[in-house]
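# A look at the structure
This is what each chain is made of:
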Amino acid sequence: MLGRAAVVDGIGGYVPPELVTNDDLAQRLDTSDAWIRSRTGIAERYVVSPGTATSDLAVEAGLRALKSAGDGRVDAVVLATTTPDQPCPGTAPQVAARLGLGQVAAFDVAAVCSGFLYGLAAASGLIAANIADRVLLIAADAFTTIVNPADRTTAVIFADGAGAVVLRAGAASEAGALGPLVLGSDGELSHLIEVPAGGSRQRSAGPPADPDDQYFRMLGRDTYRHAVERMTSASTQAAELAGWRLDDIDRFAAHQANARILTSVAERLAVPAERQLSNIEQVGNTGAASIPLLLAQAASDGRLRAGHRVLLTAFGGGLSWGATTLVWPEVHSV
Ligand code: UT7
């Protein structure tokens, strides 16, 4: 591989303090702990309290990643999110300012649950093009602020959190260097995951006829099928491009969409259970944040260790998907 590689130099994760169990949800929705556990693998999740925004989660995860890197300087901040603090401006500049990073390049990436993979591509590009030597990539979502609290098909899955990595310029041969990135999209299927109102199409047409159009909506069953297919094929391609056999993978870190989806993808890739990383049971589906939050937790509790060959894959609205590989470096999650 030519040019400068992006190398993971720090990692951090954060969830807000308010815990919501399945039984809490069952008190206000026509659902049950048994249904949620068996259909999604989720037992509990953390949610923002009133007044807390995505930037608040992003700053916490960003602080931890910078501390983990042991070097507070970066030249750019990339924030992957579906729940920016406001429609305009982007949230990344405020996060950069609150982290005391000065007047660095800062922008948001909108790729829903694939945001971390797309963010890795953006950050790698900044490094490869000599625009930045060090990039803070944060993936943060306060999904509970856009989910319809009365919609049991989404309210039981989505939750809030943030994860972040510091990437530095380095060599492709180093531990921590990102391998080839596979990215894709299918806008023909954008209706499977959407917030219909709030953008230029609705605003130019006038107020939404249906107040529920302001909320996140997902056609679960179709989304499920595409998630399995796309994460399987993107993972296969990324491993192939990296020159890895599938049984070389020590740790499989997929977007925590649904435990059944993760099991299906892992089965298709023949990744045994002990090599799969998961935290969906404790944190639910945290959107773009899910992969870096999982990596941060796994690095901190020892499930993920230096030298592990890791495969990352994500899938989300757009539709969008992605995958990449890396050998986990000596970084400490704080
Ligand atoms: O993060 C990015 C992308 N997102 C995903 O990848 C998520 C993909 N989809 C899913 O995870 C699953 O499709 C869901 C968890 C959303 C739903 O699970 P499912 O096994 O696909 O259920 P379903 O939609 O086929 O519904 C089965 C039944 C239905 O009842 P009937 O029609 O069989 O009588 C639903 O009305 O379960 C019912 N149902 C519920 N029941 C209790 C749906 N949600 C609930 C609920 N509690 N929360």
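Being a predicted model, the structure only gives us computed values, none of them experimental.

Cut-offs used in this document
- Residues numbered from 1 in each chain as written.
- Predicted model: local features only at pLDDT ≥ 70, side-chain atom pairs only at ≥ 80, totals over all residues.
- Heavy atoms only, no water.
- Helix = DSSP H or I, 4+ residues; strand = E, 2+ residues; numbered from the N terminus.
- Domains from an automatic or database assignment.
- Contact = heavy atoms within 4.5 Å.
- Buried area = accessible area lost by both parts, 1.4 Å probe.
- Salt bridge = Lys/Arg side-chain N within 4 Å of Asp/Glu carboxyl O.
- Polar contact = N/O pair within 3.5 Å; in protein donor to acceptor, adjacent residues only side chain to side chain.
- Nonpolar A, V, L, I, M, F, W, Y, C, P; charged D, E, K, R; others polar.

Assignment of secondary structure puts Asp-301 in helix H11 (residues 290-301). For the pair Asp-301 and Ser-333, spaced 32 residues apart in sequence, the C-alpha separation works out to 8.9 Å.

The next thing to look at is the domain arrangement of the protein. Looking at the assigned domains, one finds that the protein contains domain 1 (5-170) and domain 2 (182-327). For domain 1 versus domain 2, the separation of C-alpha centres amounts to 14 Å. Contact with domain 1, which involves 44 residues of that partner, is made by 41 residues of domain 2. Carbon and sulfur atoms make up 68% of the surface buried where domain 1 meets domain 2, a total of about 3,100 Å² over both sides. In terms of surface lost to domain 2, no three residues of domain 1 exceed Cys-113, Leu-117 and Tyr-118, which account for 19% of the buried area on that side. In this structure, Glu-281 engages Arg-37 in a salt bridge whose closest nitrogen and oxygen atoms are separated by 4.0 Å. The interface formed by domain 1 and domain 2 includes 15 residue pairs in polar contact (both at pLDDT 80 or more). Elements with a minimum of two residues in the side of domain 1 that touches domain 2: strand E1 (5-14), helix H2 (33-40), strand E3 (44-47), helix H5 (115-128), strand E6 (134-142) and strand E7 (160-170). Its residues placed into classes, the side of domain 1 that touches domain 2 shows 27 nonpolar, 11 polar and six charged.

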